[in-house]
Amino acid sequence: MQNIKKLYYGAAYYDEYLPCDRLLDDMAMMKKAGMNLIRIAESTWSTWEPADGVFDFTHLHRMLRASADAGIDVIVGTPTYAIPSWLARKYPDILALTHHGQELYGHRQNMDLTHPGYLFHAERIIRRLLEEVQQYPHVIGFQIDNETKPYDTCCPRVQQMFAADLKKRYPDINAFNQQFGLDYWSNRIQDWADLPDVRGTINGSLGAEFKQFQRSLVTEFFRWQAGIIREYLRPEQFLTHNFDFSWRGVSFGYQPQVNQYDAAEHLDIAGADIYHPGEDDLTGAEIAFGGDLARSLKQGNYLVLETQAQGNHGWLAYPGQLRLQAFSHLAGGAVCVEYWHWHSIHNAIESYWKGVLSHNLKENATYRECMTIGADFARLSDDLAGLKKHNRIAMLMSNRSNTAFQYFPAGSISDQNTIVRWLYDAFYRMNLEMDLISDTTADSKLLAAYDLIILPSVYSITRQLAADLDAYVKNGGHLLASMRSAFADEHLKIYADDQPYGLTACFGMTYDQFTEPGRTSLSSQAVAFSKKPALSDWMELLITQDTQTEVIARYDHPYWKEYAAVTHHPYGEGSAAYIGCYFDAASLEEVLQMLMARFGMKMQAERFPVIRREGTGRDGRRIVYFFNYSNEPARYLVPFDGRELMEDAEVHAGDTCGLTPWRFHILRQNLL
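Described in the following lines is the structure provided in the data block.

Each value, and the rule that gives it
- Residues numbered from 1 in each chain as written.
- Predicted model: local features only at pLDDT ≥ 70, side-chain atom pairs only at ≥ 80, totals over all residues.
- Heavy atoms only, no water.
- Helix = DSSP H or I, 4+ residues; strand = E, 2+ residues; numbered from the N terminus.
- Rg over C-alpha atoms; globule rule 2.2 N^0.38 Å.
- Buried < 20%, exposed > 50% of the residue type's maximum accessible area, 1.4 Å probe, protein only.
- Contact = heavy atoms within 4.5 Å.
- Areas by Shrake-Rupley, 256 points an atom, 1.4 Å probe, with all protein chains shown as cover.
- Lys, Arg positive; Asp, Glu negative; His and termini not counted.
- Charge placed at Lys NZ, Arg CZ, Asp CG, Glu CD.
- Axes fitted to C-alpha atoms, helices over the stretch in contact; angles between N-to-C directions.
- Left-handed = near helix turned anticlockwise from the far one by under 90°.
- Nonpolar A, V, L, I, M, F, W, Y, C, P; charged D, E, K, R; others polar.
- Pairing = 2+ DSSP bridges.
- Core = buried A, V, L, I, M, F, W, Y, C linked by side-chain atoms within 4.5 Å.
- Phe/Tyr/Trp six-rings, centres within 6.5 Å; stacked < 30°, edge-to-face > 60°.
- Lys NZ or Arg CZ within 6 Å of the ring centre and 35° of its normal.
- Polar contact = N/O pair within 3.5 Å; in protein donor to acceptor, adjacent residues only side chain to side chain.
- Expected span 1.5 Å × (residues − 1).
- Patch = residues over 30% accessible without salt bridge, like charges linked within 9 Å, V, L, I, M, F, W, Y side chains within 5 Å.
- Salt bridge = Lys/Arg side-chain N within 4 Å of Asp/Glu carboxyl O.
- Parallel < 35°, antiparallel > 145°, perpendicular 65-115°, else oblique.

## Considerations on the overall build of the protein
Right, on to step 1. A count of helical and extended segments in the protein gives 18 helices and 33 strands.
Right, on to step 2. Taking 2.2 N^0.38 as the reference for a compact globule, 672 residues should give roughly 26 Å; the C-alpha atoms of the protein span a radius of gyration of 26 Å, in line with that estimate.
Right, on to step 3. With the C-alpha coordinates aligned to their principal axes, the bounding extent of the protein is approximately 75 × 75 × 40 Å.
Right, on to step 4. Expressed as a percentage of the 672 residues in the protein, the buried residues total 63%.
Right, on to step 5. Taking as baseline every contact in the protein between residues at least 6 positions apart, the subset at least 24 positions apart corresponds to 75%.
Right, on to step 6. Looking at the protein as shown, the accessible area adds up to about 25,400 Å², and 51% of this sits on carbon and sulfur atoms.
Right, on to step 7. If the 62 positive side-chain charges of the protein are averaged to one point and the 83 negative ones to another, these points end up 2 Å apart.

Rendered as structure tokens:
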């Protein structure tokens, strides 16, 4: 991984989009704001190549010369995510054929990543672009494409590639039919040429397998493009990508269309695009989740390549919030914060996604707050760059399980990210930090690095992973799973065994029935609920299997009251807890607080809206951030003797310090 030695602060910049020539003015304004980085070039293939084989890099060199003169470094993005119209005219089938039909030209990311014509022209523009920028020493890195996905390409060529991949992995076609359950509704095939158009399949296993294949196309695209770029890369330059997240009006959960862990293997440092609510809805949870995922992709520092300055309607930061947001990224391990974008655009679809500057392109309140952030980043770079995290909790991410929820919803929950964020946000509010690891790489060695592993409704689980989790708990680890975990294999074929598969002895319980909760609530002798828990969507009727299994909560219902809803079970040297239903967030926190005591894990004194995030600096000293995500004053307990860096004040262990609304402190421990 590239070792970034200082903090970077900046914005995406598009000289090509501006209504007038103000390049030198913009560079001067960025410099005044303390910005030391811009990202360029990734969105304008049609500018660099206005006609087939005709190249014009005027704007590119203008930006590179001006940024060099201003002392501003540059990340260059390859422009392959938005094809020019002449390319669509040359190859009409370059536009992806999807589950919904043929794409039309106009929006971005509408092409087939496997199309030979696309790959030929993409390689040509990449090489020409890299040749143009080689002479500039202030180009510090390159970004592959932009928020890459498979774009649901389903054309006959892709389906033939899929069939060939299946044939290679299943030389016995009868074994393939059996594994995927294709006898159902007469879907069995006896010849690979008979594999039907996957767009019509009613078989969740086959449909999920195709989605997995589509994800592999993205990984292959990264491998291919990284190979080209590395031919030109200088030793000091890095290769990155701006991964995005599932979208619910903001960055929400793990991206279901990409195996980001696999794709990140072809990068030097991971990047992320993190967008979040603003104003009264700002909690920092999306910043933390996105950062924890980006950091976990390569187990190290990461770049925030896009986040909001003003952004979407309703995101305008209150005074002080922009600064709070920038340092919230650093607290997760980011070494760069870049806004999308520098200036508000005057036409096209994103005209009202506002940049640092508004449409009049003058200094404004957002810009003036950027000036304080730039000065802070420069002053504190040596202390804060390269923060290392040492989390003892990990949550297991699973593309297969996310796909499973699309085919087999849990009531109205058709996205596993609902459960991911249900659990993640509760831990976040309790100030229990975590890594986000992949089920495809979670072997016994990785699991052993953590005190607690969380399965957020990990529906799909391999036999090996089930065995590894069982051994992990026996050897002293703690396991927490939510409903529908360990239900099916890697092909979404449901195990014909007691549920949860391979872990019934570990959890000390099983179940074989589930239902919609209706008016059911929870009762408990272990948890004093502050209000009556509200259940929805899904409940499993848990049956304890031995006397050591503690029933944390039962169902409050005239017919289901004999069944457990939440259990905890000592097992070997460790223990395992299972939450068999979905209920309100406040009650979940109360259950988790009790379970953390059962796991023997230390709780933090602070709770949301005070958020605590911690790591170690390059000199080995502890760095602790305290954020106040609220309109009200808040307080926190100082954990050690040290210095508060924002106000450059001495602090002492056991002191209580105050935070005004939307403010934060950064504590650095004294040298021991």
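## Remarks on the packing of helix H3 (residues 58-70) against helix H5 (residues 116-133)
Right, on to step 1. Relative orientation of the contacting elements H3 and H5 amounts to 35°, with a least axis distance of 11 Å. Seen along the crossing, H3 lies across H5 with a hand that is right-handed. Contact residues: Leu60, His61 and Leu64 in H3; Leu129, Glu132 and Val133 in H5.
Right, on to step 2. Residues belonging to the contact of H3 with H5 are distributed by class as follows: four nonpolar, one polar and one charged.

## Overview of the pairing of strand S15 (residues 435-438)
The side chains of a regular strand alternate between both faces of the sheet.
Right, on to step 1. Side chains Asp435 and Ile437 project from S15 onto one buried face, and the interleaved Leu436 and Ser438 project onto a second face that is buried too.
Right, on to step 2. Pairing between strand S14 (residues 393-397) and S15: four bridges, direction parallel. Paired with methionine 397 across the two strands is serine 438, which belongs to S15.

## Considerations on the sheet that holds strand S21 (residues 535-540)
Each strand in a sheet pairs with its neighbour through backbone hydrogen bonds, running either in the same direction (parallel) or in the opposite one (antiparallel).
Right, on to step 1. Reading across from one edge, S19-S21-S26 is the order of the three strands in this open sheet, with antiparallel pairing throughout. This sheet does not close on itself; its edge strands, each paired only once, are strand S19 (514-515) and strand S26 (581-583).
Right, on to step 2. Direction of pairing for S19 relative to S21: antiparallel, over a ladder of two bridges. Pairing of threonine 515 across the sheet is with methionine 539, part of S21.

## A few points about the nonpolar core
Right, on to step 1. Grouped together as the largest cluster of nonpolar side chains are 191 residues, with contacts concentrated most on Phe327 and Tyr339.
Right, on to step 2. Not counting chain neighbours up to four residues away, the residues in contact with phenylalanine 327 comprise Asp376, Phe377, Leu380, Leu384, Tyr625, Phe627, Met646, Phe664 and Ile666.
Right, on to step 3. In this structure, Cys154, Phe162, Ala163 and Ile173 belong to the second largest nonpolar core, which totals 20 residues.

## Focus: the packing of aromatic side chains
Right, on to step 1. This structure, assessed with the given rule, holds 46 aromatic pairs.
Right, on to step 2. Plain terms: the ring middles of phenylalanine 514 and tryptophan 538 are 4.5 Å apart, the flat faces sit at 20° to each other, and that makes the pair stacked. Of the two residues, phenylalanine 514 sits in strand S19 while tryptophan 538 sits in strand S21, which places them 24 residues apart along the sequence.
Right, on to step 3. What makes tryptophan 538 buried here is its relative accessible area of 8%.
Right, on to step 4. Chaining the aromatic ring pairs together yields one cluster made of Tyr9, Phe327, Tyr339, Phe377, Tyr625, Phe627, Tyr629 and Phe664.
Right, on to step 5. Seen from the ring of phenylalanine 55, arginine 128 lies directly overhead, with NZ or CZ sitting 4.4 Å from the centre.
Right, on to step 6. Lying across the ring of phenylalanine 252, arginine 421 places its NZ or CZ 4.8 Å from the centre.

## Focus: the side chain of serine 43
Right, on to step 1. Here serine 43 shows up in the loop between strand S2 (37-40) and helix H2 (45-48).
Right, on to step 2. At 2.6 Å, the side chain of serine 43 and the side chain of tyrosine 81 are in polar contact.
Right, on to step 3. In this structure, serine 43 is in contact with Tyr14, Tyr17 and Tyr81, ignoring residues within four places of it in sequence.

## A closer look at helix H16 (residues 463-474)
Each α-helix turn comprises 3.6 residues. Residues three or four places apart therefore point the same way.
Right, on to step 1. When the terminal C-alpha atoms of H16 are compared, their 17 Å separation across twelve residues agrees well with the 16 Å that a helix rising 1.5 Å per residue should span.
Right, on to step 2. Looking only at H16, the buried set comprises Leu465, Ala466, Asp468, Leu469, Asp470, Tyr472 and Val473.
Right, on to step 3. Residue glycine 476 follows H16 closely and has a positive phi angle near 115°.

## Side note on the sheet that holds strand S28 (residues 622-628)
Right, on to step 1. Read from one edge of the open sheet, five strands run S27-S28-S33-S30-S31, paired in antiparallel fashion. Whereas interior strands pair on both sides, the edge strands pair on one side only; in this sheet they are strand S27 (610-616) and strand S31 (649-651). Put simply, the sheet's adjacent strands are angled 25° from each other on average, direction ignored.
Right, on to step 2. Here strand S30 (residues 642-644) pairs with S31 via three bridges, running antiparallel. Paired with glutamate 644 across the bridge in S31 is alanine 649.
Right, on to step 3. Relative to the sheet, helix H11 (residues 321-331) contacts S27, S28 and strand S33 (664-669), its axis offset from that of S28 by approximately 145°.

## Section: a nonpolar patch on the surface
Right, on to step 1. Residues Tyr184, Trp185 and Ile202 make up a contiguous nonpolar surface patch of roughly 400 Å² in combined accessible area.
Right, on to step 2. Mapped onto the elements, tryptophan 185 comes out in the loop between helix H7 (173-179) and helix H8 (204-230).

## Notes on the side chain of glutamine 310
Right, on to step 1. Here glutamine 310 is to be found in the loop between strand S12 (302-307) and H11.
Right, on to step 2. For glutamine 310, the side chain forms a polar contact with the main-chain oxygen of glycine 355, separated by 2.9 Å.
Right, on to step 3. If we ignore the near neighbours within four places in the chain, the residues touching glutamine 310 are Trp315, Leu316, Lys354, Gly355, Val356, Leu357, Ser358, Asn364 and Thr366.

## Concerning the pattern of salt bridges
Right, on to step 1. Per the counting criterion, the structure on display carries 43 salt bridges.
Right, on to step 2. A salt bridge links glutamate 49 to arginine 124; the nearest nitrogen and oxygen atoms lie 2.5 Å apart. Of the two residues, glutamate 49 sits in the loop between H2 and H3 while arginine 124 sits in helix H5, which places them 75 residues apart along the sequence.
Right, on to step 3. Overall, glutamate 49 belongs to the buried group, its relative accessible area being 0%.
Right, on to step 4. On the basis of relative accessible area, arginine 124 is assigned to the partly exposed category, the value being 24%.
Right, on to step 5. For arginine 128, the salt bridge is made with glutamate 131, and the minimal N-O distance between the two is 3.8 Å. Linking arginine 128 with glutamate 131, this pair stays in helix H5, spanning three residues, or about one helical turn.
Right, on to step 6. Here the salt bridges share partners, and the residues they tie into one network are Asp292, Arg295, Lys389, Glu433, Asp435 and Arg613.

## As for the packing of H11 against helix H12 (residues 365-384)
Right, on to step 1. For the pair H11 and H12, the least separation of the axes is 9 Å and the interaxial angle reads 30°. By the angle class used here, H11 and H12 are roughly parallel. Both H11 and H12 take part in a crossing whose hand is right-handed. Seen from H11, the contacting residues are Gln321, Leu322, Arg323, Ala326, Phe327 and Leu330; seen from H12, they are Thr366, Glu369, Cys370, Thr372, Ile373, Asp376, Phe377, Leu380 and Leu384.
Right, on to step 2. Its residues assigned to classes, the contact of H11 with H12 shows nine nonpolar, three polar and three charged.

## Brief notes about unusual backbone geometry
The bulk of non-glycine residues show a negative phi, and the bulk of peptide bonds are trans.
Right, on to step 1. Glutamine 499 connects to proline 500 through a cis peptide bond whose omega is -5°.
Right, on to step 2. Relative to the assigned elements, proline 500 resides in the loop between strand S17 (478-482) and helix H17 (504-507).
Right, on to step 3. The peptide bond linking phenylalanine 608 to proline 609 adopts the cis configuration, its omega dihedral lying at 20°.
Right, on to step 4. In this structure, glutamine 109 takes a positive phi of about 50° despite not being glycine.
Right, on to step 5. Tracing the chain through its elements places glutamine 109 in the loop between strand S5 (101-102) and H5.
Right, on to step 6. Residue classification places glutamine 109 among the buried positions, given a relative accessible area of 12%.
Right, on to step 7. Positive phi values are uncommon outside glycine, yet serine 457 reaches one of about 55°.
Right, on to step 8. Residue placement: serine 457 occurs in the loop between strand S16 (452-455) and H16.

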